[in-house]
Amino acid sequence: MRRYLRMLLACALFALLSALYVFSQFASSLERATGRTDGRAQRGDGRQGAGKAAQKSGPGDQHWYNRCRSLSVSYWNPYWRLPPAVCGMNCLMESSFRYILRDEKPSRAGGSRQEPVHLAVVACGQRLDETLTMLKSAVALGRQPLHFHIFAEDELHSGFRAALEAWPGPGRSRYNYTLYPITFPADNAAEWKKLFKPCASQRLFLPIILKDVDSLLYVDTDILFLRPVEDLWSLLAHFNSSQLAAMAPEHEEPRIAWYSRFARHPYYGKTGLNSGVMLMNMTRIREKHFKNDMTSVALRWKDLLIPLLQKYKLNITWGDQDLLNIIFHHNPESLFLVPCQWNYRPDHCIYGSNCVPAEQEGVFILHGNRGVYHDEKQPSFRAVYQAFQRYTFGEDLVESLLLPLEEDLRKTTHTYCGRVGHLFTKRLQLSVRTSQGDASRGQ
């Protein structure tokens, strides 16, 4: 009799679980249908579908848009999608809404059909001016169209919008932009936001949030491009079939590198990786199953991040960068390693020059971490930042950017980094003259 009761209980439990599964699948299908009906115009990179959406938009759309932006970080659940009843499948992207209100389609630089470089940055706190200076360096030297994906706290959106809309014609014609709110998993949003610097770990969720973007270049706010962005973007074509991201080493010399001396977690290679510049094939990232040390089963990116944080949160110092090092330690075949000149930091010159590729070809990307753009510790780094900050679109790049910078760098030779200041302008000279040549030919 007891055996029959156990069997009856097991059957009842199985029936209950089956009913719950069927109900969840039915609810999911309704949600997808609602997303297709209500959110069709919102998908894409902020440009596609804007024309059709303009025909259907009405006065109520402004309220709908404002409602999306007013939602707090913790409201997003799951972390890459708002509930369909709030604003469709995805929250309406700001640049798309700008086109809808103006009943216009985004312009393409010079009428070209060339696909843009997708550049992402995350800005919180006092990082508005620093981020705008980074974006200015990308626009000033580049030739290929750019689409900026700017993730920022709500109070910074108006500042970004005002500056990016006000840049003069020669620069404005080269880019479009999309502003996004800061979003983290609802269950532990505060933990992610404070993991390292404010909002820095947002970059980990870009493959999930920007699910219609195939490839993306993420950079920190304290980056300055000394070579056209598209030159780094072109490295995507050099990925082999297993590689899905490109980063530079954290250091060149293991004996003085941070990870090899202090890390309490797995890291990539001998010196670890610096994530301030990260080129990603996001389609591959979304599709790959990553090996890990938490389970024998390989996990997708969206399923990997939260368990990884829970395991290592007491042992990581550099937040999201440490988590990326752990991931690529277990999946080294997935990384395309780029030389240090693509992510040149004070560590490469503060105790003497130790980035050989930069000595040979110059610095391609300057990374002013540790706040060196805003203090007197590394005046050569600050000189480059101020040169781009002063530059105005339409001015002669040689007269207004390059020559004043070279003069300022000659005043910094009392520091180790100042003694290699010529490396900061070695590649920049070629970039400026190429850009000037394109402008004179009307390209």
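Computed from a predicted model, the values in this text were never measured in an experiment.

Counting its secondary structure elements, the chain contains 20 helices and 11 strands. By the burial criterion, 53% of the 443 residues in the chain qualify as buried. Long-range contacts, defined as pairs at least 24 residues apart, comprise 73% of the intrachain contacts of the chain with a sequence gap of at least 6. Summed over its atoms, the accessible surface of the chain is roughly 20,400 Å², and 54% of this surface lies on carbon and sulfur atoms.

It is worth spelling out the packing of aromatic side chains at this point. Centre-to-centre distance and the angle between the planes together describe a pair of aromatic rings. For the coordinates displayed, the defined rule picks out 12 aromatic pairs. Judged by centre distance (4.8 Å) and plane angle (10 degrees), the rings of Y373 and Y385 are stacked. Taken together, the residues span a long stretch of sequence, with Y373 in the loop between β11 (365-367) and α17 (379-390) and Y385 in helix α17 at a distance of 12 residues. There is no split in this pair, since Y373 and Y385 are both buried.

Within the structure shown, the criterion is met by 2 disulfides. Across the disulfide, C340 is cross-linked to C355 (sulfur-sulfur distance 2.0 Å). In this structure the cystine formed by C340 and C355 twists about its S-S bond by roughly 100 degrees; its chirality is therefore right-handed. Linking C340 in the loop between β10 (335-337) and α16 (356-361) with C355 in the loop between β10 and α16, this pair joins segments that are 15 residues apart in sequence. The same class applies to C340 as to C355, namely buried. The disulfide that involves C349 links it to C417, with 2.0 Å between the sulfurs. Because the sign of the S-S torsion sets the handedness, a value of about 90 degrees for the bond joining C349 and C417 places this disulfide among the right-handed ones. Placement of the pair is C349 in the loop between β10 and α16 and C417 in helix α19 (residues 416-419), with a sequence separation of 68 residues.

With that settled, the discussion passes to the sheet that holds strand β6 (residues 245-249). A sheet is described by the order of its strands in space; here 7 strands give the open sequence β3-β2-β1-β4-β7-β6-β10, paired in mixed fashion. Since the sheet does not close on itself, it has two edges, and those belong to β3 (175-180) and β10, each with one partner. Pairwise comparison of adjacent strand axes, ignoring direction, gives a mean angle of 25 degrees for this sheet. As paired strands, strand β1 (residues 117-123) and strand β2 (residues 146-152) are joined by 7 bridges and run parallel to one another. Across the sheet, residue H118 finds its bridge partner in β2, namely H147.

Topologically, K377 is positioned in the loop between β11 and α17. Residue classification places K377 among the exposed positions, given a relative accessible area of 64%. Put simply, K377 and T415 are 38 residues apart on the chain and 9.0 Å apart in space, counted from C-alpha to C-alpha.

Further remarks concern the pattern of salt bridges. Applying the stated rule across the entire model yields 19 salt bridges. One salt bridge in this structure joins D320 and R203, with 2.5 Å as the shortest N-O distance. Placement of the pair is D320 in helix α15 (residues 320-330) and R203 in the loop between α9 (189-193) and α10 (206-209), with a sequence separation of 117 residues. Grouping residues by exposure puts D320 and R203 together as buried. Of the charged contacts in the structure, one is a salt bridge between R227 and D231, with a shortest N-O distance of 2.7 Å. One continuous salt-bridge network, built from bridges that share partners, spans E250, R345, D347 and R370.

Right, let's get into the pairing of β2. When you tally the buried positions in β2, you get 7 out of 7 residues, the bulk of the element. Side chains L146, F148, I150 and A152 of β2 all project onto a buried face; the interleaved residues H147, H149 and F151 project onto the opposite face, where all are buried too. Handedness of the crossover joining β1 and β2 through helix α6 (residues 128-141) is recorded here as right-handed. Pairing analysis gives 6 bridges linking β2 to β3, with the strands arranged parallel. By the bridge assignment for β3, I150 is matched with L179.

Caution applies to low-pLDDT regions: their predicted coordinates should not be interpreted in detail. The predicted model of the chain has a mean per-residue pLDDT of 79, with 73% of residues at 70 or higher. pLDDT under 50 marks residues 30-112. Its contacts with residues more than four places away, or in other chains, come to 137 contacts.

So, on to helix α14 (residues 301-312). Its 12 residues give α14 an end-to-end C-alpha distance of 16 Å, which sits within 8% of 16 Å, the value for a rise of 1.5 Å per residue. Three or more residues of α14 are buried, namely W301, L304, L305, L308, L309 and Y312. The buried residues of α14 occupy an angular sector of 120 degrees when the element is viewed end-on, so they sit on one face.

This next bit is on the packing of α6 against helix α7 (residues 154-166). Each pair of packed helices can be summarised by the angle the axes make with each other and by the distance between the axes. With their axes 11 Å apart at the nearest point, α6 and α7 run at an angle of 35 degrees to one another. By crossing handedness, the relation of α6 to α7 is classed as right-handed. Contacts between α6 and α7 pair L128, T131, L132 and L135 from the former with L156, G159, F160, A163 and L164 from the latter. Counted by class, the contact of α6 with α7 contains 7 nonpolar, 2 polar and no charged residues.

So, about the nonpolar core. Ranked by size, the top nonpolar core spans 74 residues in total, and within it L217, F225, Y344 and L366 carry the most contacts. Ranked by residue count, the leading element in this core is α6, at 8 residues. For L217, the contacting residues outside a window of four places in its chain are H118, L119, A120, F225, V229, L232, W233, V277, M278 and L279. In this structure, C199, I209, L273 and I285 belong to the second largest nonpolar core, which totals 40 residues.

Cut-off values and rules
Residues numbered from 1 in each chain as written. Predicted model: local features only at pLDDT ≥ 70, side-chain atom pairs only at ≥ 80, totals over all residues. Heavy atoms only, no water. Helix = DSSP H or I, 4+ residues; strand = E, 2+ residues; numbered from the N terminus. Buried < 20%, exposed > 50% of the residue type's maximum accessible area, 1.4 Å probe, protein only. Contact = heavy atoms within 4.5 Å. Areas by Shrake-Rupley, 256 points an atom, 1.4 Å probe, with all protein chains shown as cover. Phe/Tyr/Trp six-rings, centres within 6.5 Å; stacked < 30°, edge-to-face > 60°. Disulfide = S-S within 2.5 Å. Pairing = 2+ DSSP bridges. Axes fitted to C-alpha atoms, helices over the stretch in contact; angles between N-to-C directions. Salt bridge = Lys/Arg side-chain N within 4 Å of Asp/Glu carboxyl O. Right-handed = clockwise from strand over helix to strand, strands pointing away. pLDDT = per-residue confidence, 0-100. Expected span 1.5 Å × (residues − 1). Arc of directions from axis to C-beta. Left-handed = near helix turned anticlockwise from the far one by under 90°. Nonpolar A, V, L, I, M, F, W, Y, C, P; charged D, E, K, R; others polar. Core = buried A, V, L, I, M, F, W, Y, C linked by side-chain atoms within 4.5 Å.

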